[in-house]
Amino acid sequence: QVQLVESGGGLVQPGGSLRLSCAASGSIFSIYAMGWYRQAPGNQRELVATTSRSGNTNYADSVKGRFTISRDNAKNTVYLQMNSLKPEDTAVYYCLAGVETTAWADVQNYWGQGTQVTVSS
């Protein structure tokens, strides 16, 4: 019903930048919160950043000042600009969206398939 497709991951040197994108498509009436999570090998999935429909944002302490989340509601897309990347940022990054598929449906969470970010020299 709802698909989230991430893009923009890759290999970058420490101190470099990447921009992730996540586009939602399918049976969408409205999208509420959108966010990014990440999971490194052997670790649990953790929150990176979230944004409400009105643009309020929330960040993990580890990325504050380096990462910026934004969204384009007209395109059902959320972005994550990552600057000053560190090796400890290496992980699979997942997009999450809270979606209403109809005006009377409950909000359900949908996940993207993940995109690998590797920070290494």
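Scroll up for the structure.
Fair warning: this is a prediction, and the values are worked out from it, not measured in the lab.

(A) Layout of the nonpolar core. Judged by nonpolar contacts, the single largest core of 29 residues is most densely connected at Trp36, Val48, Phe67, Leu80, Met82 and Tyr93. When residues of this core are traced back to their parent elements, those giving at least two are strand 1 (2-7), strand 3 (18-26), strand 4 (30-39), strand 5 (46-51), strand 7 (67-72), strand 8 (77-82), strand 9 (91-100) and strand 11 (115-119). The greatest single-element share of this core, amounting to five residues, is contributed by strand 9. Excluding its chain neighbours within four sequence positions, the residues that come into contact with Val48 are Trp36, Tyr37, Arg38, Asn58, Tyr59, Ala60, Val63, Phe67, Leu80 and Tyr93.

(B) The sheet that holds strand 1, seen in detail. With antiparallel pairing, the four strands of this open sheet are ordered in space as 1-3-8-7. Two strands bound the open sheet, and with one partner strand each, they are strand 1 and strand 7. Sheet twist, expressed as the average angle between the axes of neighbouring strands with direction ignored, equals 15°. Of the strand pairs in this sheet, strand 7 and strand 8 are connected by six bridges, and their pairing is antiparallel.

Definitions and cut-offs
- Residues numbered from 1 in each chain as written.
- Predicted model: local features only at pLDDT ≥ 70, side-chain atom pairs only at ≥ 80, totals over all residues.
- Heavy atoms only, no water.
- Core = buried A, V, L, I, M, F, W, Y, C linked by side-chain atoms within 4.5 Å.
- Buried < 20%, exposed > 50% of the residue type's maximum accessible area, 1.4 Å probe, protein only.
- Helix = DSSP H or I, 4+ residues; strand = E, 2+ residues; numbered from the N terminus.
- Contact = heavy atoms within 4.5 Å.
- Pairing = 2+ DSSP bridges.
- Axes fitted to C-alpha atoms, helices over the stretch in contact; angles between N-to-C directions.

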